[in-house]
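The primary structure of each chain is shown beneath.
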Amino acid sequence: MVAPPDNDVLWARALHYSYDDGSPALSGVSLGVQESEILAVVGPRGSGKTALLRCLSGLVPARSGEVWFNSVPVHTMGAQARDRLRRDRFAWIDPAPSLVPELNVWENTALPLMLRGTGRRRAKQAALEWLERLDIGDAARKRPHQLVQAERQRVSIARALAPAPQVLFADEPTAPLRRADRTQALRTLTAAARSHGITVVMTGHDTECSAFADRTIALLDGRRVNTVHLPPVPETEGRAACSLSA
Ligand SMILES: Nc1ncnc2c1ncn2[C@@H]1O[C@H](COP(=O)(O)OP(=O)(O)OP(=O)(O)O)[C@@H](O)[C@H]1O
């Protein structure tokens with residue numbers, strides 16, 4: 001087993017993954033993600049982006065290959081240890097906001113903190129601060145069904161960031177949103193992550209999410225096909241738009 005480079009918070013080697021019905025999803029993907037880096041994983045539908053995030057986050061074990069988090073092997077962990085790792089160090093944003101309908105907005109946002117053992121009062125305070133930061137503080141006492149989709153996704157982002165995860169996995173976080181809302185959500189997510197040093201691995205179909213990332217990797221049919229290094233730009237909120245070359 002080769003140990004990963006010290007400065008990579010996440011490191012994967014030769015990942016192979018197939019879904020339960022045998023559909024091949026990853027065919028030997030390797031990558032490293034540095035601390036506080038924002039990495040975009042792009043590719044067409046079915047290219048394996050979700051499968052890659054699921055393997056990297058320990059949600060599912062790869063069929064073969066290695067995943068390391070902070071130089072600790074994730075691929076040899078049992079299901080319980082992976083669950084703990086996800087709860088305590090990682091956060092996840094789905095394409096469609098999945099909030100608990102019975103809880104109001106601040107309770108939804110505070111939930112991951114309380115699951116980690118934070119007391120209700122502190123969790124509420126942190127949740128309210130994050131909701132304010134994401135411009136959705138006024139809705140703190142509303143139920144999810146009283147919000148529009150873009151607002152619900154902002155709550156999902158606040159919920160993911162509130163526990164200050166070491167790595168945030170965002171699987172097409174803006175997929176269901178209109179273009180203006182997509183840009184706003186990506187700007188908000190990446191700016192918040194940057195200001196708190198949170199490492200982000202996010203997926204998207206096109207170069208839109210690349211514009212807000214430090215680096216982009218592309219997948220096609222479960223394989224890496226290209227890596228794009230974006231030139232640094234002075235803005236703190238993201239990176240200049242780029243195009244992928246084949
Ligand atoms: N639940 C599933 N069961 C079986 N095969 C699946 C399942 N989900 C995805 N696949 C297949 O696995 C491959 C990789 O899918 P994956 O969802 O990881 O790609 P993706 O790039 O995230 O796609 P999308 O952009 O549509 O979310 C594809 O061939 C897909 O059809």
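Nothing here was measured: the structure is a model prediction, and the numbers come from that model. As a convention, each chain's residues are numbered from 1 in the sequence order in which they are written. Where local features are concerned, this predicted model is filtered to residues with pLDDT of at least 70; where side-chain atom pairs are given and counted, the filter is 80 or more; whole-chain, interface and lining totals use all residues.

**Notes on the nonpolar core**
Phase 1 of the analysis: Core analysis: the biggest nonpolar cluster contains 67 residues, and Leu168 and Val201 have the highest contact counts within it.
Phase 2 of the analysis: The element best represented in this core is strand β1 (residues 8–18), accounting for six residues.
Phase 3 of the analysis: The contact criterion used here is simple: two residues whose C-beta atoms, placed from the backbone, lie within 7 Å are in contact. Look past the residues within four positions of valine 201 in its chain and what remains in contact with it is Val33, Leu39, Val41, Leu53, Leu56, Val167 and Phe169. Here, a nonpolar core denotes buried Ala, Val, Leu, Ile, Met, Phe, Trp, Tyr and Cys residues that are linked to one another through C-beta atoms within 7 Å. Counts of 20 or more other C-beta atoms within 10 Å of a residue's own C-beta define buried residues, counts of 12 or fewer define exposed ones, and intermediate counts define partly exposed ones; C-beta atoms are placed from the backbone. The helix count covers DSSP runs of H or I at least four residues long, the strand count covers runs of E at least two residues long, and both are numbered beginning at the N terminus.

**With respect to the packing of helix α5 (residues 149–161) against helix α6 (residues 179–195)**
Phase 1 of the analysis: Packing of α5 against α6 brings their axes to within 11 Å, and their N-to-C directions diverge by 10°. By the angle between their axes, α5 is roughly parallel relative to α6. Seen along the crossing, α5 lies across α6 with a hand that is right-handed. Of the residues in α6, those in contact with Ala150, Gln153, Arg154, Ile157 and Leu161 of α5 are Asp181, Ala185, Thr188, Leu189 and Ala192.
Phase 2 of the analysis: Amino acid classes used here: Ala, Val, Leu, Ile, Met, Phe, Trp, Tyr, Cys and Pro are nonpolar; Asp, Glu, Lys and Arg are charged; the rest, including Gly, are polar. By residue class, the composition of the contact of α5 with α6 is six nonpolar, two polar and two charged. To obtain each axis, a line is fitted to C-alpha atoms, and for helices this fit is confined to the stretch in contact; angles are then taken between N-to-C directions over 0 to 180 degrees. Between 65 and 115 degrees an angle is taken as roughly perpendicular, under 35 as roughly parallel, over 145 as roughly antiparallel, and anywhere else as oblique. Two helices cross in a left-handed way if the nearer one is turned anticlockwise from the farther one by less than a right angle. They cross in a right-handed way if the turn is clockwise.

**Let's talk about the sheet that holds strand β4 (residues 64–69)**
Phase 1 of the analysis: At least two DSSP bridges between two strands are required for those strands to pair. Across the sheet, which stays open at both edges, the four strands sit in the order β2-β1-β4-β5 with antiparallel pairing between neighbours. The open sheet has two edge strands, β2 (24–34) and β5 (72–73), and neither has a second partner.
Phase 2 of the analysis: Two strands pair when backbone bridges link them, and β4 and β5 are joined in this way by two bridges, in the antiparallel orientation. In the strand pairing of β5, tryptophan 68 is matched with proline 73.

**Considerations on helix α3 (residues 105–115)**
Phase 1 of the analysis: Within α3, the full set of buried residues consists of Val105, Trp106, Asn108, Thr109, Ala110, Pro112 and Leu113.
Phase 2 of the analysis: For α3, the elements touching its buried residues are β6 (90–93), α4 (120–133) and α5.
Phase 3 of the analysis: At the C-terminal side of α3, glycine 117 shows a positive phi close to 105°.

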